[in-house]
Amino acid sequence: MASVTLTVNGKTITRDIDPRTLLVEFLREHMRLTGTHVGCDTTQCGCCTVHVDGKALKSCTLLAVAVDGSTIMTIEGLAKGEDLHPMQAAFREYHGLQCGFCTPGMIMSAVDMVRRKGTDLDDKTIREELEGNICRCTGYHNIVKAIHYGAEAMGKAGTAAE
Amino acid sequence: MYPFTYHRPGSLADAVKLAGSDEAKIMAGGMTLLPTMKQRLAAPSDIVDLNGLDLAGIKVEGGKVTIGAMTRHADVAGNADLHKAIPALAELAGMIGDPMVRHRGTIGGSVSNNDPAADYPSACLALGATIVTSKREMAAEDFFTGLFETALEPGEIVTKFVFPVPEKANYQKFRNPASRYAIVGVFVAKFAAGVRVAVTGAGSSGVFRQFDFEEALSKIFSTQAIEGIKQSADGLNSDIHADAAYRAHLIGVMARRAVEAAR
Ligand SMILES: Cc1cc2nc3c(=O)[nH]c(=O)nc-3n(C[C@H](O)[C@H](O)[C@H](O)COP(=O)(O)OP(=O)(O)OC[C@H]3O[C@@H](n4cnc5c(N)ncnc54)[C@H](O)[C@@H]3O)c2cc1C
Ligand code: FES
Ligand code: FES
């Protein structure tokens, strides 16, 4: 067993875990934060994307012990109470999802994209940056649109720097 | 995954000691190691995590670029000094995988793994990098010894890479549309002393130098110089994505594009 302390969505917790525990298992099974999904478990689909110390990572390919002491943000941490994060609101507004399975990862990647590339994103950039996120429903069109407007809204709301 | 004991040493000496034990495995970004462990293709008794060591960073100085083994792909891709010194190397890092993989994967892990379709090995070979480990320095030629094989001994840890700055260079990658790894990648580097060309993705024993192209380009650095040179399909990979003849053809095309784009 190994002791791990993580700050997840603002809450700090310490647990004794098997060193094999993946970050996504820690989040879903130990913390019951089931918004982070496992689509492939082979580092390809991006459904498990979370932010670790501010950067998007695939939590299915990360040992929880290896990020001991880190600050984690999951999809559950984005909204402010009843108010959706501008990127979440844009996915709803522009129909950026169908079944919704890929959506948490898409949104976490999109917010990370804005951090790195700014709030004025063209379609080419968005598509390139979505390399690590797979959606089997939408055909991506409305995801790209949602990210474009979500990024713009983040700029207006001043959430880009958060 | 099979059970293992996790270690996060705080010094290189401790890491070497821990990694030297029989069934131990070094972990850098884990982007290759963890998927293989999940598939139970690897079953290390001990994981020696290098993330507690101070092995990351990029320094450009006196015609040389030094990159620490634990430097993430995203940090190589985004380094302003490197973009001035060897833009081709920064651009190559930006072509690896996807943003999340680039946030975690490291140059040391990629080169130590020597995947025949990986990008960095071509840069090491074409630029004539020196690979520094916990016990010695090696030329890239001596480091890559075959498919997924390197000269690393058990417990030996790569600590940094030293790249000479070329006059100009470029890397061209023909991606597998699904995995985004290279079906063929060609790195061309022009130095005062001559041109070096390294090919990844194609060779059935991993990355290799294309000496005919090098000779022709060292005389005249132009696409015409290599237009007539035929790349043999012998020793190249054939798989469902591309057969050997197609890969041979692509090596010529990618090399000419790299010469054209070199800066
Ligand atoms: C979805 C996806 C797409 C990818 N696409 C590409 C691509 O397009 N091009 C490409 O080149 N790569 C690609 N990769 C691989 C990626 O670049 C990995 O980051 C890299 O291969 C391994 O680096 P790592 O730091 O994660 O190493 P790890 O997985 O931690 O280690 C890999 C191996 O190297 C050993 N090792 C690690 N560091 C050292 C060291 N300092 N000294 C000695 N041994 C060491 C380990 O023991 C292990 O055997 C992709 C990976 C994924 C998951
Ligand atoms: S579940 Fe992590 S990338 Fe698919
Ligand atoms: S909406 Fe179903 S996988 Fe993307």
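Scoring rules and cut-offs
Residues numbered from 1 in each chain as written. Chains lettered and ligands numbered in written order. Predicted model: local features only at pLDDT ≥ 70, side-chain atom pairs only at ≥ 80, totals over all residues. Heavy atoms only, no water. Near = heavy atom within 4 Å. Polar contact = N/O pair within 3.5 Å; in protein donor to acceptor, adjacent residues only side chain to side chain. Axes fitted to C-alpha atoms, helices over the stretch in contact; angles between N-to-C directions. Helix = DSSP H or I, 4+ residues; strand = E, 2+ residues; numbered from the N terminus. Parallel < 35°, antiparallel > 145°, perpendicular 65-115°, else oblique. Left-handed = near helix turned anticlockwise from the far one by under 90°. Contact = heavy atoms within 4.5 Å. Nonpolar A, V, L, I, M, F, W, Y, C, P; charged D, E, K, R; others polar. Phe/Tyr/Trp six-rings, centres within 6.5 Å; stacked < 30°, edge-to-face > 60°. Lys NZ or Arg CZ within 6 Å of the ring centre and 35° of its normal. Core = buried A, V, L, I, M, F, W, Y, C linked by side-chain atoms within 4.5 Å. Buried < 20%, exposed > 50% of the residue type's maximum accessible area, 1.4 Å probe, protein only. Domains from an automatic or database assignment. Buried area = accessible area lost by both parts, 1.4 Å probe. Salt bridge = Lys/Arg side-chain N within 4 Å of Asp/Glu carboxyl O.

## Focus: the site of ligand 1
1) Next: The local shell around ligand 1 holds 32 residues, among which B:Ile26, B:Ala28, B:Gly30, B:Leu33 and B:Thr106 are the closest.
2) Next: With respect to ligand 1, its neighbouring residues span chains A and B.
3) Next: In this structure, an oxygen atom belonging to ligand 1 sits 2.8 Å away from a main-chain N or O atom of B:Ala28.
4) Next: Contact distances for ligand 1 include 2.8 Å between an oxygen atom and a backbone N or O atom of B:Leu33.

## Some remarks on the packing of helix 2 (residues 86–93) of chain A against helix 3 (residues 103–117) of chain A
Residues and elements named next belong to chain A.
1) Next: Where helix 2 meets helix 3, the closest approach of the two axes is 10 Å, and the angle between their N-to-C directions is 125°. By the angle between their directions, the pair helix 2 and helix 3 is classed as oblique. Our pair here, helix 2 against helix 3, has a crossing hand that is right-handed. Residues Met87, Gln88 and Phe91 of helix 2 touch helix 3, and the partners they reach there are Thr103, Met106, Ile107, Ala110, Val111 and Val114.
2) Next: Broken down by class, the residue content of the contact of helix 2 with helix 3 amounts to seven nonpolar, two polar and no charged.

## A few points about the packing of aromatic side chains
1) Next: Applying the stated criterion across every chain, the model contains five aromatic pairs over all chains.
2) Next: Across from the ring centre of B:Phe221, 6.0 Å away, lies the NZ or CZ of B:Lys190, which sits over that ring.

## A word on the packing of helix 2 of chain A against helix 5 (residues 141–157) of chain A
All names here are of chain A.
1) Next: Two numbers describe how helix 2 lies on helix 5: the axes approach to 8 Å, and their chain directions differ by 145°. Note on packing geometry: the crossing formed by helix 2 with helix 5 is right-handed. Touching Pro86, Met87, Ala90 and Phe91 of helix 2 are Ile143, Ala146, Ile147, Tyr149, Gly150, Ala151, Ala153, Met154 and Ala157, all from helix 5.
2) Next: Grouping the constituent residues of the contact of helix 2 with helix 5 by class yields twelve nonpolar, one polar and no charged.

## Observations concerning the nonpolar core
Residue and element names in this part refer to chain B.
1) Next: Counting 40 residues, the largest nonpolar core has Val111, Tyr120, Phe161, Phe163 and Phe187 as the members making the most contacts within it.
2) Next: Of the residues forming this core, the biggest block, six residues, is contributed by helix 8 (residues 120–127).
3) Next: Structurally, this core is a two-domain feature, drawing no fewer than three residues from each of domain 1 (5–35 + 55–164) and domain 2 (168–262).

## Observations regarding the side chain of B:His103
1) Next: Structurally, B:His103 can be placed in helix 6 (residues 99–104).
2) Next: Residues in contact with B:His103, not counting those within four places in the same chain, are A:Lys55, A:Ala56, A:Leu57, A:Asp112, A:Arg115, A:Arg116, B:Arg72 and B:Ala74.

## Notes on the interface of chain B and chain A
1) Next: At the interface, 23 residues of chain B touch 26 residues of chain A.
2) Next: Between chain B and chain A, the buried area comes to about 2,000 Å², and carbon and sulfur atoms account for 65% of it.
3) Next: Counting the surface chain B buries against chain A, the share from its top three residues, B:Lys38, B:Met100 and B:His103, is 32%.
4) Next: The interface formed by chain B and chain A includes three salt bridges.
5) Next: Those elements that place two or more of their residues in the side of chain B that touches chain A are helix 2 (33–38) and helix 6 of chain B.
6) Next: With six residues, the single largest contributor to the side of chain B that touches chain A is helix 6 of chain B.
7) Next: Here the side of chain B that touches chain A is composed, by residue class, of twelve nonpolar, three polar and eight charged.

## Let's talk about the domain arrangement of chain B
All names here are of chain B.
1) Next: If you check the domain split of chain B, you get domain 1 (5–35 + 55–164) and domain 2 (168–262).
2) Next: Between domain 1 and domain 2, the C-alpha centre-to-centre distance is 22 Å.
3) Next: Listed per partner, the contact involves 24 residues of domain 1 and 22 residues of domain 2.
4) Next: On the domain 1 side of the contact with domain 2, Met95, Leu125 and Ala126 bury the most area, a combined 28% of that side's loss.
5) Next: Viewed at the interface, domain 2 and domain 1 are joined by three salt bridges.

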